[in-house]
Amino acid sequence: MKERIYKTIFAILAFSSLVFLVGIVIILFKEGLPIFKKVGFFSFLFGRAWYPTHSPPEFGILPLILASAWVTVGAVLVCVPLGVGSALCLHELVSERQRAVLKPVIEILASIPSVVYGFFGMMIVTPFLQKVFHLPTGLCAFNASLVLGVMAVPTVCSLSEDALSFVPKSFREASYAVGADRWQTLTRVVLPAAGSGISTAIILGMSRAIGETMTVLMVAGGAAVIPHSFLEPVRPMTAAIAAEMGEAPMASDHYHALFAIALVLFFITFSFNIMAEFVSRRFRIKLGLSG
Amino acid sequence: MFDPVKIKAQHVDFFYGNQQALKDISMDIDVGRVTAIIGPSGCGKSTFIRLLNRMNDLVAHTVLRGHIYLEGQDIFSPAVDPVEIRRRVGMVFQKPNPFPKSIFENIAYGLEVNGYRDRDVIEERVVMSLKKAALWEEVKERLRDSALKLSGGQQQRLCIARCLAVAPEVLLFDEPCASLDPISTAKIEELILELKKDYTIAIVTHNMQQAARVSDRTAFFLLGELVEMGETQHIFTAPKDKRTEAYITGRFG
Amino acid sequence: MKRNFTQTLGFTFLFSSLALTLLVLFSIIYFIGVRGFRVLSWTFLTQAPRQAMTAGGVAPAIVGTFYLALIAILFSLPLALACAIYLCEYSPKGWVVNFIRVGINNLAGVPSVVFGLFGLAIFVKFLKFGVSMLSGGLTLGILVLPVIISAAQEALLAVPHSIREASLALGATQWQTIRRIVLPAALPGILTGIVLSIGRVVGETAPILFTAAAFYLRGFPKSVFSEVMALPYHIYALMTEGTHPKEQTGMAYGCSLVLLLLVLAISALAVFLRQRQRGRFHV
């Protein structure tokens, strides 16, 4: 029957989109695993030295993981207060008409490409930091955190505002009815009700920050050493892959090591996404939206 | 031999998941007459009428037991194509649901999906259906306008015209006036009385006056059961069942 | 009195965070706008780079970006549409839908540099497309697949169920209903998704680093198997490679401005389209 055929075709195409996800995992394992055989899983993950081109080379990615962690934490410290604060402001303090303008503007700003942020970081933020902190170079973890944090603000803001707008009006009215003022209503009723929605926004923002490449490649400084302060140059995982893949000979240990870093990166962002999925499902159930 | 029964339901049980919506329904819908199905909300009357053209196929996790025959053919037998059934049994829904297309295209669509290719034939039938649905005079100047610009009552008559164009044998009305004003409602009722000459009609309504005005036979549903069925006159003047009497005298519902 | 004080303090914080956000974002646009504008000229937009990247223009990069976006959309659109149609119209609700949906959400969360590695391993090496426009375009296509899928899904879900029923009740088959009723009604929403994903593709750098991009080419790409210049990569390359950092910086400002204007215009179009569609079906 003709209808059957259509349905089957669509099913095949739908599943083939998943093939890419599976394909990515397979490729990462296939190209990444050889390095574990050579160096060992734990000494790869927790090795303190990343000298892939020395002889003999050393493949310890702890400095890269820590760099990613530092930069991400820094970015979160920037983007959460700004992003959630802006969302609350948009939701509560501006008029309907102002919001109708500001929300789209912020959504549009969310599309500024990362390479432009990286460029801005190099040209404007870097000399500024250099001057203020008397640094030999302004390219450092702090710089990357700042730029990455600002970059994530529109996304976090826009997603948080969505979550806030899902909170039923009746919650707020009920709070006013018992004599709470706007701030109390906002912080004790609306914010908790939208809490897991906002958490989802933050988790997604973090996942984005960990995986972001161009910005950190351009402004983090690139030194593959275990960071001791925010003002030192660092080399996050993504930057290492992007910077070194061009020079790593095909099928060399270095090549496999870079794929293995991508594998680690994949599992980190994967778990963040699963977490976001889980939290957002709970959010929808809590507000009585379709689970 | 002439068979006065167009649709015959026999011992129909219907479940949404674990919830039983219809319990052992057996009833006939006679050819060339208007059968009204009345009852309070949630009594299963809409569910029942949606079985008659297999619209409930679209709802997941449902179970059907029993049989429904259209001119003696079991419409749920695996050999039957639901698309074919829906061509023979048309349906008008609670809320007017015109397509976001022009008035003309709304009606032509049904013809096109049923294999009509000749533009002249299509145009002719569009005009005919609009006339039959008593909408022609109001829209003949603006057939290319979006159907969404029409008023609610006009939209509903457009949906009826759309139905008529594909020449069904049976017309199902699922609370066709639920979202309309009294004047539009009166027009639709008039139309139903007119259409009775050519079609077998079943109408679900929660409005008892409407059932009394338009129907020849009436079935009363309560909590998924068919309580009573008979000539409309009898049901409204001398119901046999106490529950029917309670309902039509307005004691519940 | 204390209550009021807390409220004032809190609201001040919220106000300043929004103000600061807008200030920072607009100052980025301002800096790049002002300095890039000095470089911008007709020559800059229509000519190839000259004299070791210190003069001339970025035309090949603009054209390359356009080609990459074209390949990416041509590749991902049919797949994404089919996927969305299957999820919204055909598949029974339940674990299949959930499984695909979670998979697609996760695909959306994969870091862009990982897509780059995938493209390198599959398109460049395994399928032997080499470092080329095709490899880069396909890699970008996979990257935006989830973007288009979720936009298309949203558009399909916004089509009221009642008109699907109306079509089926007339004796239309499911495929006729999808093709003649649902898809035309969802088209504006799908279009928004496409525009959105073009904006995304145009700005992405990491996926094309090892799959498509070249720092300098003499002219326009000749076939899908040639390397391409692309705007975002060109900015990165001007900042990190080459021998005349000072002059290249100027070029990078111009290039950034072009990219910024392009991306902002595209996403403004997408946002505009989306605003216009809201409430289209509330008859």
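The preceding data block contains the structure.
Conventions used here
Residues numbered from 1 in each chain as written. Chains lettered and ligands numbered in written order. Predicted model: local features only at pLDDT ≥ 70, side-chain atom pairs only at ≥ 80, totals over all residues. Heavy atoms only, no water. Contact = heavy atoms within 4.5 Å. Buried area = accessible area lost by both parts, 1.4 Å probe. Polar contact = N/O pair within 3.5 Å; in protein donor to acceptor, adjacent residues only side chain to side chain. Helix = DSSP H or I, 4+ residues; strand = E, 2+ residues; numbered from the N terminus. Nonpolar A, V, L, I, M, F, W, Y, C, P; charged D, E, K, R; others polar. Phe/Tyr/Trp six-rings, centres within 6.5 Å; stacked < 30°, edge-to-face > 60°. Buried < 20%, exposed > 50% of the residue type's maximum accessible area, 1.4 Å probe, protein only. Lys NZ or Arg CZ within 6 Å of the ring centre and 35° of its normal. Salt bridge = Lys/Arg side-chain N within 4 Å of Asp/Glu carboxyl O. 1 Å grid on protein atoms, 1.4 Å probe; cavity = no way out; pocket = protein on both sides within 12 Å on 5 of 7 lines; lining within 4 Å. Points joined across faces, edges and corners; volume = space filled by probe spheres on them.

Enquirer: What is the right way to look at the interface of chain C and chain A in this model?
Expert: Think of interface size as the accessible area that goes away when the parts come together; that is how it is often given. On the side of chain A, 82 residues touch chain C, which itself brings 81 residues to the contact. Summing both partners gives a buried area of about 7000 Å² for chain C against chain A, and 80% of it is carried by carbon and sulfur. Linking chain C to chain A there are 12 residue pairs in polar contact (both at pLDDT 80 or more). No other element matches helix H1 (residues 2-39) of chain C, which puts 22 residues into the side of chain C that touches chain A. For the side of chain C that touches chain A, the per-class residue count stands at 56 nonpolar, 20 polar and 5 charged.

Enquirer: Before we go on, may I ask you to explain the packing of aromatic side chains in this structure?
Expert: Describing an aromatic ring pair means giving the distance of the ring centres and the angle of the ring planes. Following the criterion strictly, the structure yields 29 aromatic pairs over all chains and no others. Note on Trp 70 of chain A and Phe 230 of chain A: the rings are 5.1 Å apart at their centroids and 55 degrees apart in plane angle, and the pair reads as tilted. Residue Trp 70 of chain A is found in helix H3 (residues 62-92), and its partner Phe 230 of chain A is found in the loop between helix H9 (214-219) and helix H10 (237-244); the two are separated by 160 residues along the sequence. Assessed through its relative accessible area of 30%, Phe 230 of chain A is described here as partly exposed. Clustering of aromatic rings is evident, with ring pairs tying together Phe 36, Phe 41, Phe 42, Phe 44 and Phe 46 of chain A. Against the face of Phe 99 of chain B rests Arg 162 of chain B, its NZ or CZ located 4.5 Å from the ring centre.

Enquirer: What is the right way to read the interface of chain B and chain C from this model?
Expert: Facing the 26 residues of chain B at the interface are 18 residues of chain C. Taking both sides of the interface into account, the surface hidden between chain B and chain C amounts to around 1900 Å²; carbon and sulfur atoms contribute 64%. The largest share of the area that chain B buries against chain C comes from Phe 99, Tyr 109 and Val 113 of chain B, three residues that together contribute 26% of it. Linking chain B with chain C are 2 salt bridges. The residue Glu 165 of chain C makes a salt bridge to Arg 50 of chain B at a minimum N-O spacing of 2.6 Å.

Enquirer: Whenever I open this one, empty space enclosed by the protein confuses me. Can you help?
Expert: Any empty space left between atoms is shown by rolling a water-sized probe over those atoms. The final tally for this structure, using the stated rule, is 2 cavities of 30 Å³ or more. Roughly 50 Å³ of volume is contained in the largest cavity. Surrounding the largest cavity, Thr 65, Leu 68, Ala 69, Leu 140, Val 201, Val 202, Glu 204, Ile 208, Ala 230 and Pro 232 of chain C form its lining. Elements with a minimum of two residues in the lining of the largest cavity: helix H3 (59-90) and helix H8 (174-203) of chain C. Of the residues forming the lining of the largest cavity, the biggest block, 3 residues, is contributed by H3 of chain C. By residue class, the composition of the lining of the largest cavity is 8 nonpolar, 1 polar and 1 charged. If you add up the space inside the second largest cavity, you get close to 40 Å³. In terms of lining, the second largest cavity is formed by Met 91, Phe 93, Cys 159, Arg 162 and Cys 163 of chain B together with Ala 166, Ala 169 and Leu 170 of chain C.

Enquirer: I keep staring at the layout of surface pockets and nothing clicks. Help me out?
Expert: Approximately 1400 Å³ is the volume attributed to the second largest pocket. Along the walls of the second largest pocket sit 41 residues, with Asp 57 and Leu 58 of chain B together with Glu 89, Tyr 90 and Gln 174 of chain C positioned nearest its centre. Sorting the residues of the lining of the second largest pocket by element identifies helix H1 (2-39) of chain A, strand E4 (62-70) and helix H2 (82-88) of chain B together with H3, helix H6 (133-158), helix H7 (161-169) and H8 of chain C as the ones contributing at least two each. Examining the composition of the lining of the second largest pocket, we find that 6 residues originate from one element, H8 of chain C, more than from any other. The residue makeup of the lining of the second largest pocket, split by class, is 22 nonpolar, 8 polar and 11 charged.

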